[in-house]
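Residue strings, one per chain:
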2 protein chains.
Amino acid sequence: MASTAWFTITPPSFYSKPTTLNRPFFTIRCNAHNPPKTQQDPLAVYSSVKAFAPATVANLGPGFDFLGCAVDGIGDTVSVKVDPDVHPGEIFISDISGQSPNIHKLSKNPLWNCAGIAAIEAMKMLGIRSVGLSLSLEKGLPLGSGLGSSAASAAAAAVAVNEIFGKRLSVDDLVLACLKSEEKVSGYHADNVAPSIMGGFVLISNYEPLELVRLKFPPEKELYFVLVTPEFEAPTKKMRAALPLEIGMPHHVWNCSQAGALVAGVLQGDLFMLGKALSSDKIVEPKRAPLIPGMDAVKKAAIEAGAYGCTISGAGPTAVAVTDNEEKGRLIGEQMVRAFQKDGNLKASANVKQLDRLGARLLSGIRAN
Amino acid sequence: MASTAWFTITPPSFYSKPTTLNRPFFTIRCNAHNPPKTQQDPLAVYSSVKAFAPATVANLGPGFDFLGCAVDGIGDTVSVKVDPDVHPGEIFISDISGQSPNIHKLSKNPLWNCAGIAAIEAMKMLGIRSVGLSLSLEKGLPLGSGLGSSAASAAAAAVAVNEIFGKRLSVDDLVLACLKSEEKVSGYHADNVAPSIMGGFVLISNYEPLELVRLKFPPEKELYFVLVTPEFEAPTKKMRAALPLEIGMPHHVWNCSQAGALVAGVLQGDLFMLGKALSSDKIVEPKRAPLIPGMDAVKKAAIEAGAYGCTISGAGPTAVAVTDNEEKGRLIGEQMVRAFQKDGNLKASANVKQLDRLGARLLSGIRAN
């Protein structure tokens, strides 16, 4: 179906409606015996693809709910293939794999799976009605750790679907597709999905309409994240419930100023400013940190070990510190792990990862005939 | 006195306390008969100076209370001279001039005058105890218009005093000197004094200790402010009282994100982003605008006339719009003046001014002998 003679590469909005049959000159047109009733599906460019989307750190201190960044080298991978056994326009999740201990919690029902929801949404946006897709998800990220696990699944899936059909969706479309998934699992926030798709730091300045501001960290500078994840399930509901409903004016002004300093730190590649701002949240972190055993001590340990700044990643329980050097990052990580053990009585593991500047991407693909 | 043989250029903190008289070897030291009890004053490099400090726009939309910028070509001028008739270590205000209709409200008592307070503070910081200064103030700015009139007086005075004694104070010192004045007249906020002294955009990220972030607007780009001041006294107390004490989380997150976008707009020279963020405040402007007759219509008129953004300057009543071209600025200003007349029944005047990138500066000086 997708390869019908009616396929056109003209973008949907410029597609001319076919002339109606009762007009005399129509008979001379090719395929006039079978004009499409609506726009045709885009052709599948690949028969199968594999896409990767990176982990993300959202709720960056005073950047709560509107600023996030992508982390290189860890993330989720989604493989998608055109599958004649799947009902046209639908998604079938064939496999979910990964090391996360609670991976069994993930549903294979595409309507209840982040990758599934984002893939379906991307298919809808592309107008895919002629082929069905099967999808397999490799979870590289632990679930519920504060590293944007659901966003990475969604981003990898949306990008995979988009790649199969020739990259017709814009970055904004991809983020919107993933937002459908985020809305279902954690709320309508783009501060994980946007950086997972776009890479680097992304500020969400509006939702209606969606406005994404790419904040370019200078390419010549290095930025490492020390991600320390304890063996502890951060109670998501409790983490949300801990947020204050009302904020006093002095704290509001303080956090706004720190948000500004954070953005300036990123754009100017000033790690000192960036780290200080990251550590400065007076509204969300003070409410959430006490819910993660040892978090205050972990932050202190990170700073004492030379980190520029430290805060909770996402809604936790991962702690994130920033530094400019991988080796220093490892030493900082050791101290943070030790603090989780000592003050929180929690076993934790550290990862030192660079800023991801690419975002979700195609890893491989097999061209369609 | 200032030229006593005891004068030393050693900075205060490194000054060695003189050896006490009862120690035998002391007698061989020069000037040992009259050792200073404390550190000596720095020498006056000029006998008189004239300094200028620019107007400023603070409370930049979501930058409320922490972000301001300087405006070229309008400001206050302070002349200071070493005056043997003035008691050493003190300030005498000899003259206050200017066109502002309420200029008579300004006190000549230096303890109750912004320029006087800042000058005294700068003298204290420099340790001036041997000479007295007389000061005259030319108010180029209207009082209470939202253009940082008090800050400009303080900044010009502090810079003038600093110049007379050889520029020994740092930028931070100068801002702190001016903060003493601001504290007395309008509150401990540096978002006017910092840009008036430093020029450009300045973000205040901390007060204890003072931390100022210079946000460099790209030098190759142009930025014009359309400043429209109605004949209306914004009731300062009412303007402060209008501020909400508590802010709901959604509005807090919104304004924080806009503050971030504003900073990004400034640093990237993206006037579209800057203007949009400037116009986006959901917390302060909606409470204050209704207190300035016609303000909502003025903002609308500015945007319709092509301004990138518009908000209240400081605590008002001046409205500030931004654009990239002087001629466009004049047309925008005309529409804003018209809207003040039509919707607020207020006569208003417009000024189109560029971003000031220099800050307070020496205009002229007569060298000391």
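In the block above lies the structure referred to throughout.
The rules behind these values
- Residues numbered from 1 in each chain as written.
- Chains lettered and ligands numbered in written order.
- Predicted model: local features only at pLDDT ≥ 70, side-chain atom pairs only at ≥ 80, totals over all residues.
- Heavy atoms only, no water.
- Helix = DSSP H or I, 4+ residues; strand = E, 2+ residues; numbered from the N terminus.
- Buried < 20%, exposed > 50% of the residue type's maximum accessible area, 1.4 Å probe, protein only.
- Areas by Shrake-Rupley, 256 points an atom, 1.4 Å probe, with all protein chains shown as cover.
- Contact = heavy atoms within 4.5 Å.
- Buried area = accessible area lost by both parts, 1.4 Å probe.
- Salt bridge = Lys/Arg side-chain N within 4 Å of Asp/Glu carboxyl O.
- Polar contact = N/O pair within 3.5 Å; in protein donor to acceptor, adjacent residues only side chain to side chain.
- Nonpolar A, V, L, I, M, F, W, Y, C, P; charged D, E, K, R; others polar.
- Pairing = 2+ DSSP bridges.
- Axes fitted to C-alpha atoms, helices over the stretch in contact; angles between N-to-C directions.
- Parallel < 35°, antiparallel > 145°, perpendicular 65-115°, else oblique.
- Left-handed = near helix turned anticlockwise from the far one by under 90°.

**Q** When you look at the overall build of chain A in this model, what are you seeing that I'm missing?
**A** From N to C terminus, chain A includes 10 helices and 12 strands. In chain A, which comprises 369 residues, the share counted as buried stands at 58%. Total accessible area on chain A is roughly 16,000 Å²; 54% of this is exposed by carbon and sulfur atoms.

**Q** Quick question: what am I supposed to make of the interface of chain A and chain B here?
**A** For an interface, size is often stated in terms of accessible area lost upon the parts coming together. Of the residues lining the interface, 37 residues belong to chain A; the matching set on chain B comes to 37 residues. Between chain A and chain B, the buried area comes to about 2,600 Å², and carbon and sulfur atoms account for 68% of it. Looking at the side of chain A facing chain B, the largest losses of area belong to Ile247(A), Met249(A) and His252(A), adding up to 20% of the total buried there. Put simply, chain A and chain B have two salt bridges between them. Among the ionic pairs, Glu211(A) bridges to Lys276(B), the shortest N-O distance being 2.4 Å. Counting across the interface, chain A meets chain B through eight residue pairs in polar contact (both at pLDDT 80 or more). At the level of secondary structure, the elements contributing two or more residues to the side of chain A that touches chain B comprise β5 (201-207), β6 (210-215), β8 (246-248), α6 (249-268) and α7 (271-278) of chain A. Among the residues forming the side of chain A that touches chain B, the class breakdown is 23 nonpolar, nine polar and five charged. With three bridges connecting them, β8(A) and strand β8 (residues 246-248) of chain B associate as antiparallel partners. Considered in β8(B), the bridge of Ile247(A) is made with Ile247(B).

**Q** Is there a simple way to explain the sheet that holds strand β7 (residues 224-230) of chain A in this structure?
**A** In sheet architecture, strand pairing relies on hydrogen bonds along the backbone and comes in two forms, parallel and antiparallel. Residue and element names in this part refer to chain A. Judged by pairing direction, the sheet is antiparallel, and its four strands sit side by side in the order β9-β10-β7-β11 without closing on themselves. Strand pairing shows two members of the sheet lacking a second neighbour, β9 (309-312) and β11 (348-354), which therefore form its edges. Taken pair by pair, the neighbouring strands of this sheet meet at an average axis angle of 20°, ignoring direction. Pairing of β7 with strand β10 (residues 319-323) involves five bridges; the strand directions are antiparallel. In the strand pairing of β10, Val226 is matched with Ala321. Its contacts with the sheet place helix α9 (residues 295-304) against β9 and β10, and it is angled at close to 160° to β9.

**Q** Help me out: how do you make sense of the packing of helix α9 (residues 295-304) of chain B against helix α10 (residues 326-344) of chain B in this one?
**A** For any two helices packed against each other, the geometry is given by the interaxial angle and the distance between the axes. Residues and elements named next belong to chain B. Look at α9 against α10: their axes get within 8 Å of each other, and the N-to-C directions meet at 155°. The angle between α9 and α10 falls in the class roughly antiparallel. When you trace α9 past α10, the crossing you get is right-handed. Here α9 contributes Met295, Ala297, Val298, Ala301 and Ala302 to the contact with α10, which in turn contributes Ile332, Gln335, Met336, Ala339, Phe340 and Asp343. Of the residues belonging to the contact of α9 with α10, the class tally is nine nonpolar, one polar and one charged.

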